[in-house]
Amino acid sequence: MLFQVEMTVKLPPDMPAERAAEIKATEKAYAQDLQHAGKWRHLWRVAGSYANVSIFDVEDNAELQEIVSNLPLFPWMEIRVKPLCRHPSSIRDDDS
Ligand SMILES: O=C(O)C[C@H]1C=CC(=O)O1
């Protein structure tokens, strides 16, 4: 199942820079592992914002919940999820 997930990160301004850097490094490793595993298909920065638009390819809602809630930045994120399905006018034969 494909989902579009929009994540907006709002770190507290008083979080020490070293702590923020540590969380971001852990987040990067987690995100890259999921990309290598094919679960996190696309990861795009929203220009001008500390936000991303991502496409996840997961088994079901429960797997998406598991992945997203384990993001190291999850406590400081606003997340919006939209389920996706194929568009009848798409010129592609599959969801690539
Ligand atoms: O930077 C972000 O958009 C937040 C988060 C998502 C992947 C990652 O490495 O950090």
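Given the structure is predicted, the values throughout are model-derived calculations rather than measurements.

Rules used in this analysis
- Residues numbered from 1 in each chain as written.
- Predicted model: local features only at pLDDT ≥ 70, side-chain atom pairs only at ≥ 80, totals over all residues.
- Heavy atoms only, no water.
- Helix = DSSP H or I, 4+ residues; strand = E, 2+ residues; numbered from the N terminus.
- Polar contact = N/O pair within 3.5 Å; in protein donor to acceptor, adjacent residues only side chain to side chain.
- Contact = heavy atoms within 4.5 Å.
- UniProt positions renumbered as here; feature names shortened; annotations may be inferred.
- Near = heavy atom within 4 Å.
- Areas by Shrake-Rupley, 256 points an atom, 1.4 Å probe, with all protein chains shown as cover.
- Nonpolar A, V, L, I, M, F, W, Y, C, P; charged D, E, K, R; others polar.
- Expected span 1.5 Å × (residues − 1).
- Buried < 20%, exposed > 50% of the residue type's maximum accessible area, 1.4 Å probe, protein only.
- Arc of directions from axis to C-beta.

By the secondary structure assignment, Q4 is in strand β1 (residues 2-9). At 3.1 Å, the side chain of Q4 and the side chain of E6 are in polar contact. If we skip the residues at most four places from it in the chain, Q4 touches V53, S54, I55, R80, V81, K82 and L84.

Mapped onto this structure's residue numbering, the UniProt feature "domain: Muconolactone isomerase" (unreviewed entry) falls at residues 1-89. With 33% helix and 33% strand, residues 1-89 has its two end C-alpha atoms placed 19 Å apart.

Surrounding the ligand, one finds V9, E27, K28, A31, W40, R45, Y50, N52, L73 and M77. N52 places a side-chain nitrogen or oxygen 2.8 Å from an oxygen atom of the ligand. Compared with its free state, where it exposes 270 Å², the ligand has 87% of that area covered by protein. When residues of the shell around the ligand are traced back to their parent elements, those giving at least two are α1 (17-36) and β2 (40-45). Ranked by residue count, the leading element in the shell around the ligand is α1, at three residues. The class makeup of the residues in the shell around the ligand is six nonpolar, one polar and three charged.

Attention now moves to α1. Helical periodicity: at 3.6 residues per turn, an α-helix aligns residues three or four positions apart in one direction. In this model α1 runs 28 Å from its N-terminal to its C-terminal C-alpha over 20 residues, within 8% of the 28 Å that 1.5 Å per residue would give. Among all positions of α1, only A20, I23, E27, A31 and L34 are buried. The buried residues of α1 occupy an angular sector of 70 degrees when projected down its axis, which confines them to one face. More than 90 degrees from the buried face of α1, the exposed residues found are E18, K28, D33 and H36. Along its buried surface, α1 packs onto β2, α2 (61-69) and β4 (77-84). Remark: G38 follows α1 within two positions and exhibits a positive phi of approximately 85 degrees.

The next subject is the side chain of N52. Tracing the sequence through the fold places N52 in strand β3 (residues 51-57). The class of N52 is buried, set by a relative accessible area of 8%. Within the local environment of N52, its side chain forms a polar contact with the side chain of S54, the two groups lying 2.7 Å apart.

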